[in-house]
Amino acid sequence: METKIILKNVNKFYGTKQALKNVNLTITEGMFGLLGKNGAGKTTLMKVLATLHSQTGGTVEICGIPITESKKIRSMIGYLPQDFSMYGSMSAYDAMDYLGVLSGLTKKERKERIPYLLEQVNLLNNRKMKVKAMSGGMRRRLGIAQAILHNPKVLIVDEPTAGLDPEERVRFRNLLSEIAKDRIVLLSTHIVGDIEATCEQIAVMDEGEIIYHGTVANLLMQARGKIYSSEISRMELEELKKTFVVTGMLTMGNKVTVRYVVPENNPSNPSNAILVEPNVEDAYMWLMNQARGEKV
């Protein structure tokens, strides 16, 4: 059985509102990033793949099985939603054990698998701690452990690092990369840094559409020659923002070093502008600017 997700012309309507618009994607083993601002349609797509919502049109196959066979699909999928919560009064181990029973694991399987997973997410020493006493990062890691309890071929995680401190975010990203060695991990986020650190293949969504699908390297290549940096005064900053899409700023005293997208053949580029190599955030902002029509 090939580990692959295939979406063809997938649409989703909520009444008259179209949340997904002719989505075509092929996702293979490893880390795959789905990037887009809040409200772009990422969570809707995740819920369709997790069989929580049905698509209005188009087809979806996961590991060769149509999404309509929801029982088979759910046996192959682990899902960590954005608003994940567990049984707060239970210990980490007991919550995992209870979920293992619901997943149909035998007592022997649970006894072997739960300690292994808690160790993998660095929570074995906290196995007796009540879930409600855990930090946000610890609960997210426990969420990953429960999502892969039944050893799924596909793991779907929706905005997993939102609200985490920098140390927990790095730990969580490293954990996802480890898990992705033998399965698909689909990471949905609006945080560009999470994609840059973990994913080679990405898709970018905007208003329900896929506006980019490919490698991070290719997106960077497309943005090359479009990103500039200038040192300007604070007074000049507001005027520059009216003309260009600003991707980053560093303020030092009365001076501001600004990175921004310059449309091709734009004559109003500041005279002291320096062409710079794009980072992923620059490339993402350039792409969004392209999709909505360049400022002139």
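This write-up is about the structure you can find in this document. Keep in mind that what you see is a predicted model, and the values were worked out from it rather than measured.

Attention now goes to helix α8 (residues 216–223). Within α8, the full set of buried residues consists of V216, L219 and A223. Along the axis of α8, the buried residues cluster in a sector spanning 60 degrees; they form a single face. Buried-residue contacts for α8 involve β9 (201–206), β10 (209–215), β11 (227–233) and α10 (280–292). At the C-terminal side of α8, G225 shows a positive phi close to 90 degrees.

The strand order across the open sheet formed by six strands is β6-β7-β8-β3-β9-β10, and the pairing between neighbours is mixed. With one partner strand each, in any of the chains shown, β6 (77–80) and β10 form the two edges of the open sheet. In this sheet, adjacent strand axes meet at a mean angle of 15 degrees when their direction is disregarded. As judged from the four bridges shared by β6 and strand β7 (residues 154–158), these two strands associate in the parallel manner. Note that in β7 the partner of Y79 across the bridge is I156. Strands β9 and β10 of the sheet are contacted by α8, whose axis makes an angle of about 105 degrees with β10. On the sheet, α10 packs against β3 (30–35), β9 and β10 and is oriented at approximately 40 degrees with respect to β9.

For D158, the location among the structural elements is in strand β7. The class for D158 is buried, based on a relative accessible area of 2%. Along the backbone, D158 and P81 are 77 residues apart, and their C-alpha atoms lie at a distance of 5.2 Å. Those residues in contact with D158, other than ones at most four positions away along the chain, are T43, M46, L80, P81, Q82 and S188. Separated by 3.3 Å, the side chains of D158 and S188 make a polar contact.

Moving on, we get to the state of the cysteines. Applying the stated criterion across every chain, the model contains zero disulfides. As a non-bridged cysteine, C63 has C199 as the owner of its nearest cysteine sulfur, 18 Å distant. For C63, a relative accessible area of 5% translates into the label buried.

A word on the side chain of R113. Relative to the helices and strands, R113 is located in helix α4 (residues 107–120). It turns out R113 is buried and unbridged, and the closest side chain with the opposite charge, D182, is 7.9 Å from it. Separated by 2.8 Å, the side chain of R113 and the backbone oxygen of I148 make a polar contact. Discounting residues that sit within four places of it in the chain, R113 has contacts with I148, L149, H150 and N151.

Geometrically, a packed helix pair is captured by the angle between its two axes and the distance between the axes. Relative orientation of the contacting elements helix α3 (residues 92–102) and α4 amounts to 130 degrees, with a least axis distance of 10 Å. By the angle between their axes, α3 is oblique relative to α4. Seen along the crossing, α3 lies across α4 with a hand that is right-handed. Residue-level inspection shows Y93, M96, D97, G100 and V101 of α3 in contact with α4, the latter providing R110, K111, I114, P115, L117 and L118. Looking at side-chain class alone, the contact of α3 with α4 contains seven nonpolar, one polar and three charged residues.

What follows is about the pattern of salt bridges. For the structure shown, the criterion picks out 14 salt bridges. Between E168 and R171 there is a salt bridge, and its shortest N-O distance comes to 3.2 Å. Highlighted residues: E168 and R171, both in helix α6 (residues 166–179), separated by three residues, approximately one helical turn. Here R171 falls in the partly exposed class, since its relative accessible area comes to 29%. Note that E178 and K181 form a salt bridge whose closest N and O atoms lie 3.3 Å from each other. Since its relative accessible area comes to 58%, K181 is described here as exposed. It is possible to trace a salt-bridge network through shared partners that takes in R141, E167, E168 and R171.

So, on to the packing of aromatic side chains. Tallied over the full model, the rule gives two aromatic pairs. With a centroid separation of 5.2 Å and an interplanar angle of 80 degrees, the aromatic rings of Y87 and Y98 are classed as edge-to-face. Linking Y87 in the loop between β6 and α3 with Y98 in helix α3, this pair joins segments that are 11 residues apart in sequence. We classify Y87 as partly exposed; its relative accessible area is 36%. For the ring pair F244 and Y260, a centre distance of 5.1 Å and an interplane angle of 35 degrees mean the geometry is tilted. Here the residue F244 occupies a position in the loop between α9 (234–243) and β12 (245–252), and Y260 occupies one in strand β13 (residues 255–261), the gap between them amounting to 16 residues.

Each value, and the rule that gives it
- Residues numbered from 1 in each chain as written.
- Predicted model: local features only at pLDDT ≥ 70, side-chain atom pairs only at ≥ 80, totals over all residues.
- Heavy atoms only, no water.
- Buried < 20%, exposed > 50% of the residue type's maximum accessible area, 1.4 Å probe, protein only.
- Helix = DSSP H or I, 4+ residues; strand = E, 2+ residues; numbered from the N terminus.
- Arc of directions from axis to C-beta.
- Contact = heavy atoms within 4.5 Å.
- Pairing = 2+ DSSP bridges.
- Axes fitted to C-alpha atoms, helices over the stretch in contact; angles between N-to-C directions.
- Polar contact = N/O pair within 3.5 Å; in protein donor to acceptor, adjacent residues only side chain to side chain.
- Disulfide = S-S within 2.5 Å.
- Lys, Arg positive; Asp, Glu negative; His and termini not counted.
- Salt bridge = Lys/Arg side-chain N within 4 Å of Asp/Glu carboxyl O.
- Parallel < 35°, antiparallel > 145°, perpendicular 65-115°, else oblique.
- Left-handed = near helix turned anticlockwise from the far one by under 90°.
- Nonpolar A, V, L, I, M, F, W, Y, C, P; charged D, E, K, R; others polar.
- Phe/Tyr/Trp six-rings, centres within 6.5 Å; stacked < 30°, edge-to-face > 60°.

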